[in-house]
Amino acid sequence: MADSNRRPPPFYGIKFLMKVITRFAPSPTGKLHLGSVRTALYSWLFARHFHGKFILRIENTDQTCIDQESIDSIINSMRWLGLNWDSGPHLQTNKINIYRKIIDDMVASGLAYPCYCSQERLNMLRSTQIKIGKKPKYDKFCRLLKYKNVKNKNYVIRFANPENGHVTFHDLIRGKITFQNSELDDLIILRSNKIPTYNFCAVVDDYDMNITHVIRGEDHLNNTPRQLNIFKALELIPPKYAHISMILDQNKRKLSKKNQDTDILQYQEDGILPEALLNYLVRLGWSYGNKEIFDINEMQKLFNISSINKSNCIFNKSKLLWI
């Protein structure tokens, strides 16, 4: 474990933020669906409401999922809808060396450590934990090693998550949320192929881009305490978080990129007006009295995160066609 008196390099020092900056950060694993676009819309409206900045970031460090067609689809969908960005699109793959340098500094500072465990050992550990009714997670075997097996070149780097205490934050939609550190894992931040992982890259990018507010789906809620602990370890000020509910289909199943009926550009081909689609999506979880139709300027003026509903929404194509 790291000496509690040690501090990360000066690179990680606190900086002050002057205006609202949000981001939309999809992964290029398929075409944008309704849930993703609503997230982008809410983030865009929040930034525009406060005369702030909206950034488009492509989170493509998972090399097995990189798809140029998907990247093009994301960009074309955003342009068709008029959700213009002030900076980007930024590709995470352009910053691999920067991520690696920060991780090297974290290892040197004791904030992270190499893990040499084989996949066979990890599979056996998981199987044993499940059999005895424990939550599957890494047992910190390599964190406690006194002598490292440097001959194993296929090691990963794990974040040394705090072992005690808790993570508490105020979600702008859901209020106070607490996670116990004992329930969190020493997550992998660098894969064996030397490519960094999502949770780590998101922290570095949100800091580098001065992101003040992260608006994303509630499926990311479990990532938030992990990211907050990395922010804290690096002595960085984290953004504020707002986790919006899911959009479900008529059978109350989560919409996904595999559902062709939700492909945004298909609506363009079907002749749906972008203004109609934005009007429909903005009211899937948010409302302003009984007002049904908004122009884009009204959306920007009236949008308020505190008015977003916590409950899941049902996609109704008939209502979209009515609009």
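Since the model is a prediction, treat every value here as computed from it, not as a measurement.

### Re the nonpolar core
In step 1: Leu 41, Tyr 42, Met 78, Ile 264, Tyr 267 and Leu 277 are the most contacted members of the largest nonpolar core, which has 48 residues in total.
In step 2: Within the residue set of this core, elements represented by two or more residues are α1 (34–49), β2 (53–58), α2 (68–81), β10 (240–244), α7 (264–269), α8 (274–282) and α9 (296–302).
In step 3: When residues no more than four places from it in sequence are discounted, the contact partners of Met 78 are Phe 24, Leu 32, Ala 40, Phe 54, Leu 83 and Trp 85.

### Concerning the sheet that holds β2
In step 1: The strand order across the open sheet formed by 3 strands is β1-β2-β3, and the pairing between neighbours is parallel. Looking at strand neighbours, the two that pair on one side only are β1 (21–24) and β3 (87–91), the edges of this open sheet. Ignoring which end each strand starts from, the neighbouring axes of this sheet average 25° apart.
In step 2: With 4 bridges joining them, β1 and β2 adopt parallel strand pairing.

### Re the pattern of salt bridges
In step 1: Per the counting criterion, the structure on display carries 15 salt bridges.
In step 2: Close ionic contact of Arg 57 with Asp 206 constitutes a salt bridge, the shortest N to O distance being 3.0 Å. Taken as a pair, Arg 57 in strand β2 and Asp 206 in helix α5 (residues 198–208) lie far apart in primary sequence, 149 residues in all. Here the two residues Arg 57 and Asp 206 agree in accessibility, since each one is buried.
In step 3: Asp 105 is the salt-bridge partner of Lys 101, the closest N and O atoms lying 3.0 Å from each other. Residue Lys 101 and its partner Asp 105 are located together in helix α3 (residues 96–109), separated by 4 residues, close to a single helical turn.
In step 4: Overall, Lys 101 belongs to the partly exposed group, its relative accessible area being 47%.
In step 5: On the accessibility criterion, Asp 105 (18% relative accessible area) is buried.
In step 6: One network of salt bridges, in which partners are shared, links Arg 23, Arg 57, Glu 59, Lys 95, Asp 205, Asp 206 and Asp 208.

### Topic: the packing of α5 against helix α6 (residues 223–233)
In step 1: It is at 9 Å that the axes of α5 and α6 come closest, and there the two elements cross at 60°. The pairing of α5 with α6 is recorded here as oblique in orientation. Note on packing geometry: the crossing formed by α5 with α6 is right-handed. Between α5 and α6, the residues in contact are Tyr 198, Asn 199, Phe 200, Ala 202, Val 203, Asp 206 and Tyr 207 and Asn 223, Arg 226, Gln 227, Ile 230 and Phe 231, respectively.
In step 2: Taken together, the residues of the contact of α5 with α6 break down into 7 nonpolar, 3 polar and 2 charged.

### What to know about α5
In step 1: Most of α5 is tucked away, with 9 of its 11 residues classed as buried.
In step 2: Listed as buried for α5 are Asn 199, Phe 200, Cys 201, Ala 202, Val 203, Val 204, Asp 205, Asp 206 and Tyr 207.
In step 3: Residues of α5 that are buried make contact with β1, β2, α3, β8 (188–190), β9 (213–217) and α6.
In step 4: Just past α5, the residue Asn 210 takes up positive phi, approximately 60°.

### A closer look at unusual backbone geometry
In step 1: A cis amide bond, omega 0°, links Gly 88 with the succeeding residue Pro 89.
In step 2: Structurally, Pro 89 is set in strand β3.
In step 3: One non-glycine residue, Lys 140, adopts positive backbone phi at about 65°.
In step 4: Topologically, Lys 140 is positioned in the loop between α4 (119–131) and β5 (156–159).

The rules we used
- Residues numbered from 1 in each chain as written.
- Predicted model: local features only at pLDDT ≥ 70, side-chain atom pairs only at ≥ 80, totals over all residues.
- Heavy atoms only, no water.
- Core = buried A, V, L, I, M, F, W, Y, C linked by side-chain atoms within 4.5 Å.
- Buried < 20%, exposed > 50% of the residue type's maximum accessible area, 1.4 Å probe, protein only.
- Helix = DSSP H or I, 4+ residues; strand = E, 2+ residues; numbered from the N terminus.
- Contact = heavy atoms within 4.5 Å.
- Pairing = 2+ DSSP bridges.
- Axes fitted to C-alpha atoms, helices over the stretch in contact; angles between N-to-C directions.
- Salt bridge = Lys/Arg side-chain N within 4 Å of Asp/Glu carboxyl O.
- Parallel < 35°, antiparallel > 145°, perpendicular 65-115°, else oblique.
- Left-handed = near helix turned anticlockwise from the far one by under 90°.
- Nonpolar A, V, L, I, M, F, W, Y, C, P; charged D, E, K, R; others polar.

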